[in-house]
Amino acid sequence: MIYPVVAYGDPVLRKVAKDIPQDYPKLKEIIENMWETMYGASGVGLAAPQVGMPLRLFVIDATPFADDEELTEEEINQLTGFKKVFINAQIEEENGDEWAFNEGCLSIPNVREDVFRPEEVTISYLDENFNKHTETYTGLAARVIQHEYDHIEGILFTDKLSSLKKRLIKGKLANISKGKVRVDYRMRFPELKGRR
């Protein structure tokens with residue numbers, strides 16, 4: 001089942017998400033639906049708050065990035081088949097120089113901006129079978145993880161922009177929350193009573 005993606009302005013996107021117990025009802029089904037929703041919207045990552053659930057859960061499939069010819073062989077290998085479920089994730093450490101990359105977000109359609117993030121992240125999380133992992137990622141894999149992790153902390157990529165950039169996109173963001181935006185996937189807009 002494809003969930004509607006929650007648009008910018010919805011309070012659920014600003015909540016710090018809650019940990020998920022192992023016996024959480026229909027968790028496998030929720031994860032399957034999140035994959036379906038993400039692929040249906042051509043995304044590479046999706047966090048539970050983006051589909052209206054304030055849970056510490058996100059899914060990532062960064063495989064499409066592996067086609068970028070400008071990447072090193074190491075980066076291509078890291079991104080090829082990089083498909084994971086992150087439950088109750090905690091970032092342990094961020095290291096390295098901050099670097100800019102043009103980010104977008106399914107909850108903030110048609111807005112893309114350069115965001116600076118550290119080049120390396122160490123994260124501990126549970127997979128869909130509740131096995132614990134602690135792993136370190138660099139480059140684009142690290143970035144996608146940091147972006148999705150921010151969602152479960154109630155942070156959006158637009159929060160990381162300069163005050164000038166924020167002012168420049170303020171109108172676009174207001175229009176998104178009102179549903180005045182063209183998208184080719186289902187969305188739920190906070191300032192619209194109905195759904196599209």
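Structure: above.
Everything numeric here is computed off the predicted structure, so don't read it as measured data. (Residues numbered from 1 in each chain as written. Predicted model: local features only at pLDDT ≥ 70, side-chain atom pairs only at ≥ 80, totals over all residues. Heavy atoms only, no water.)

1. Some remarks on the pairing of strand β3 (residues 57–61)
Defined as follows: Working definition: with a 1.4 Å probe on protein chains only, accessible area under 20% of the residue-type maximum means buried, over 50% means exposed, and in between means partly exposed. Numbering of helices and strands starts at the N terminus; helices are DSSP runs of H or I of at least 4 residues and strands are runs of E of at least 2. At least two DSSP bridges between two strands are needed for those strands to be called paired.
Among the five residues of β3, five are classified as buried, and the element is accordingly described as predominantly covered. Of the two faces of β3, both are covered, the one formed by L57, V59 and D61 as well as the one formed by F58 and I60. In terms of strand pairing, strand β2 (residues 45–47) meets β3 through three bridges, oriented antiparallel. In the sheet register, A47 faces β3, and the bridge partner there is F58.

2. Some words on the pairing of strand β4 (residues 83–105)
Pairing of β3 with β4 involves five bridges; the strand directions are antiparallel. Residue pairing across strands places I60 opposite K84, the latter belonging to β4. Examined bridge by bridge, β4 and strand β5 (residues 108–126) share 13 bridges and lie antiparallel to one another. Each residue of the ladder has a partner; that of A100, found in β5, is F116. The turn linking β4 back onto β5 is made up of two residues.

3. Quick notes on the environment of D61
Here is the rule: Only heavy atoms enter the contact rule, under which two residues are in contact if any of them lie within 4.5 Å.
With respect to the helices, strands and loops of the structure, D61 is situated in strand β3. Relative accessible area serves as the criterion here: at 10%, D61 is assigned to the buried category. C-alpha separation for the pair D61 and M38, spaced 23 residues apart in sequence, amounts to 9.0 Å. When near neighbours in sequence (up to four residues on either side) are disregarded, D61 contacts W35, M38, Y39, V44, F82 and K83.

4. Thoughts on the pattern of salt bridges
Defined as follows: The working definition used for a salt bridge is a side-chain nitrogen of Lys or Arg within 4 Å of a carboxyl oxygen of Asp or Glu.
The final tally for this structure, using the stated rule, is 10 salt bridges. A salt bridge links R188 to D10; the nearest nitrogen and oxygen atoms lie 3.1 Å apart. Of the two residues, R188 is situated in strand β7 (residues 187–188) and D10 in the loop between β1 (5–6) and α1 (27–40); the sequence distance between them amounts to 178 residues. Looking at R188, the relative accessible area reads 22%, which means it is partly exposed. Via salt bridges that share partners, E103, R117, R143, D150 and K160 belong to a single interconnected network.

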